[in-house]
Structure formats: C-alpha cells, structure tokens
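Listed below, chain by chain, are the residues.
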Amino acid sequence: MNKITKAVIPAAGLGTRFLPATKALPKEMLPIVDTPNIHYIVEEAVKAGITDILIIVSASKEAIENYFDVNPALEMRLKASKKDKEAEEIRAIANMANIVFIRQKEPKGLGDAILYAKSFIGNEPFAVLLGDDLITSDVKPAIGELMDAYYKTQGTILGCKKVSKDLLHKYGVVQPTGSSSGDLFEVCDMVEKPKDPALAPSDVAVLGRYVLPPEIFKILENTKPGVGGEIQLTDAIKTSMEKIKCYACVFTGTRYDIGDKFGYIKATIDFALKRPDIGPELQAYINTLATKK
Ligand code: UTP
C-alpha cells in the first residue's frame, strides 16, 4: 500500500478578507500569539509522519519562504548575546521537514494551485492542508486522521465537520451516499457554498484538509473555471467520484479559519489562554472586561 509522505500547502490566495494587513503580509504569516499560523500547519503535517512539503506561494509571499529558511546572521547575533536557546529555536524551524516552494503565477483558484504540485507529487496519494485553516487536537493531528481513513478505504478523503445551518454558505457541503453517522462515511456529491441552507445536502462541511489520489491532476487539467471564474478543487473531486470512491472523515480537533477576522481573534485568544507565560494574565484581563459590562 502507498504510504503518504508528501503534503501540499496552498498559500497563494489573495487574502482579501484580511485587508489591509494582507496588502503587505501573507495571511499565513499572521502570528497566533508569537508563531505564524503556517508554522502550526507544517507541524501538524510533520506530526502525522509527512516528510516532504510543497508550499504553493505567490510573488508577494516571500516572508513564508524566509520563515522556513535558515537565518545565519540572526543566529550569530543571538548567540553573541547569549541567547543560544532562541538561536536553536529559529534553526529548528528550518529543519522541520523538507520544504520546497513553487509560485502560482496568478490566483486562479485552489484547483489551479494544487495543479502546480503535479511533478512534486508524481504518482502517489498526497495530503493537502490549506494555509489558512488552523486545526488543534489533543488526540491526533487532523491530517493524520485523514491519512488513517485513506489507509482503510484507499479513496479520496475530505476533512469534515458538522457546521451550523447559518454558516453552510461558506463551505463545500457533502452529500452522504448512505448514513452520515460515525466519523467516516462515503460521499456521492458536494455542493460548493450553497446560497440557501435548503440547497445544502447535509450539515457536514469540508474544512481545509484532504487526502487526494494522483489521478486528481489529470482531472484538474481538464476542469473548466467554475464559481468566481476560478478552477475549483471541489469540481475536480466531484468528477473523480465517477471512478474513485470519496469519503468524509470527521476529524476530532478544533478548527479556526484564520483568513477570517473573527476566526483569527478566536484562535489567538484560545492559544494565548493555554500558554503558561501569558494565559493567567490574559484570563484576569478578560475577567475585568466581563465585570465592566
Ligand atoms: P481562500 O478562498 O480561503 O483564500 O482559499 P483567499 O482567496 O486567499 O481568501 P479571501 O477570500 O481572498 O480572503 C483557500 C485556500 O486556497 C489557497 C489560499 O491561500 C487558501 O489557503 N488559494 C486560493 C491558492 O493557493 N490559490 C488561489 O488561487 C486561491
């Protein structure tokens, strides 16, 4: 059986929901307290056993490449001022995995971005982690749960969660083939961003994690622009369902959309509250806000 060792992180989107910051700063580099979001995404992949990662960037996202590169000048300065621990920490970031980059020439959609991974992936199944979806879990990395689901089924795997009706319009929503009970079930269709909850085939949405078969590349090459004039990964996955079974894997972790302002603030607060260095101080501050009301 094909072991999954490669992951693709698409991070070339425009990030218009987070303007004006994203005029100059990639949204994937927005810090969750003091660590860029994309660091946590790479960490999730590495914890699941991924060794090789391709990050799809655009011309304005050099900061991501610099973050995962070595910085000898900074390391030297830190060592000179006896900050050896910090120097080691920044060196370790460059050694998290084999990380390579490719530029998407124009933001023509998630499907187009994935197509840039064709030669890196070759003929293997691979993991996809969206650069702005942060998932935390005390149990197992979300992408690891999807990889287990792939080993069980050999199908396409969609990382999913139940979502309240009023939020379904933001996501791809799956149509279960049979029962949607349990944390792994077959899917026969998907509706991308249903305008009305009545048009959604279920309340289970696809949230930023996938295991895809290599056959997806040929399908993407023949996929016409869809919603918003972009090449949609959802359209290609729907086509793939004719030949390859597709499953929804309901992951256990908590997911934050850090490309959305409120999602980003929630992630920052939750992460900060868990930190021993600032958590208690933040909790006390939140308590004062609550009493002010
Ligand atoms: P989003 O739609 O969430 O990202 O794409 P966006 O386009 O940057 O967001 P807004 O709506 O303008 O704020 C989902 C994922 O696909 C990547 C994004 O970087 C994100 O991780 N993506 C999207 C690309 O890599 N290339 C694209 O052309 C579009």
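What counts as what
- Residues numbered from 1 in each chain as written.
- Predicted model: local features only at pLDDT ≥ 70, side-chain atom pairs only at ≥ 80, totals over all residues.
- Heavy atoms only, no water.
- Near = heavy atom within 4 Å.
- Polar contact = N/O pair within 3.5 Å; in protein donor to acceptor, adjacent residues only side chain to side chain.
- Areas by Shrake-Rupley, 256 points an atom, 1.4 Å probe, with all protein chains shown as cover.
- Nonpolar A, V, L, I, M, F, W, Y, C, P; charged D, E, K, R; others polar.
- Helix = DSSP H or I, 4+ residues; strand = E, 2+ residues; numbered from the N terminus.
- Phe/Tyr/Trp six-rings, centres within 6.5 Å; stacked < 30°, edge-to-face > 60°.
- Buried < 20%, exposed > 50% of the residue type's maximum accessible area, 1.4 Å probe, protein only.
- Lys NZ or Arg CZ within 6 Å of the ring centre and 35° of its normal.
- Axes fitted to C-alpha atoms, helices over the stretch in contact; angles between N-to-C directions.
- Parallel < 35°, antiparallel > 145°, perpendicular 65-115°, else oblique.
- Left-handed = near helix turned anticlockwise from the far one by under 90°.
- Contact = heavy atoms within 4.5 Å.
- Core = buried A, V, L, I, M, F, W, Y, C linked by side-chain atoms within 4.5 Å.

Caption draft 1: The arrangement of the site of the ligand in detail. In the region of the ligand, 19 residues are neighbours, and Gly-15, Thr-16, Arg-17, Gln-104 and Gly-109 sit closest. In this structure, Pro-10 approaches the ligand through a main-chain N or O atom, which is 2.9 Å from an oxygen atom. Contact distances for the ligand include 2.8 Å between an oxygen atom and a backbone N or O atom of Gly-109. Here the ligand, which alone exposes 570 Å², has 83% of that area covered by the protein. A per-class count over the shell around the ligand returns 8 nonpolar, 6 polar and 5 charged.

Caption draft 2: Representation of unusual backbone geometry in the model. Cis geometry marks the peptide bond from Leu-19 to Pro-20; its omega dihedral reads 10°. Looking at the secondary structure, you find Pro-20 in the loop between β1 (6-10) and β2 (31-32). Phi angles above zero are rare outside glycine, and Val-33 is one such case at about 65°. Assignment of secondary structure puts Val-33 in the loop between β2 and β3 (35-36). Unlike most non-glycine residues, Lys-193 shows phi in positive territory, near 45°. Position of Lys-193 among the secondary structure elements: in the loop between β10 (184-192) and β11 (204-212).

Caption draft 3: Geometry of the packing of aromatic side chains. Counted according to the given criterion, the structure contains 6 aromatic pairs. Their ring planes at 85° and their centres at 5.1 Å tell us that Tyr-67 and Phe-68 sit as a pair that is edge-to-face. On the numbers, 5.2 Å between centres and 10° between planes, the contact of Phe-126 with Phe-217 is stacked. Of this pair, Phe-126 sits in strand β6 (residues 126-129) while Phe-217 sits in helix α8 (residues 216-221), and the two are 91 residues apart along the sequence. Each member of the pair, Phe-126 as well as Phe-217, carries the same accessibility label: buried. Here the basic side chain of Lys-6 rests over the ring of Phe-120, its NZ or CZ set 5.4 Å away from the ring centre.

Caption draft 4: Focus on the packing of helix α3 (residues 72-80) against helix α4 (residues 84-94). In the contact formed by α3 and α4, the axes pass within 7 Å of each other and the chain directions differ by 160°. As the angle between them shows, α3 and α4 are arranged roughly antiparallel. Considering how the two elements wind past one another, α3 and α4 form a crossing that is left-handed. Contact residues: Leu-74, Glu-75, Leu-78 and Lys-79 in α3; Asp-84, Glu-86, Ala-87, Ile-90 and Arg-91 in α4. Residue classes in the contact of α3 with α4 are distributed as 4 nonpolar, no polar and 5 charged.

Caption draft 5: Structural context of the packing of helix α10 (residues 261-274) against helix α11 (residues 279-292). Remark: α10 packs on α11, axes separated minimally by 6 Å, with the N-to-C direction vectors making an angle of 125°. Taken together, the axes of α10 and α11 are oblique relative to one another. Of the residues in α11, those in contact with Ile-269, Ala-272 and Leu-273 of α10 are Gly-279, Leu-282, Gln-283 and Ile-286. When its residues are assigned to classes, the contact of α10 with α11 shows 5 nonpolar, 2 polar and no charged.

Caption draft 6: Focus on the nonpolar core. Membership of the largest hydrophobic core comes to 32 residues, with the highest contact counts inside it found for Phe-126, Leu-158, Val-174, Tyr-210, Ile-216 and Ile-237. Ignoring sequence-local partners within four residues, the contact set of Val-174 consists of Leu-158, Cys-160, Phe-185, Val-187, Asp-189, Met-190, Pro-201, Ser-202, Val-204, Val-206 and Ala-248. With 31 residues, the next largest nonpolar core counts Ile-9, Ile-55, Ala-97 and Ile-157 among its residues.

Caption draft 7: Examining the environment of Ala-94 more closely. Position of Ala-94 among the secondary structure elements: in helix α4. C-alpha of Ala-94 to C-alpha of Tyr-67: the two residues are 27 residues apart in sequence and 7.7 Å apart in space. Other than its neighbours up to four places away in sequence, Ala-94 contacts Phe-68, Asp-69 and Val-70.

Structural measurements only, silent on function.
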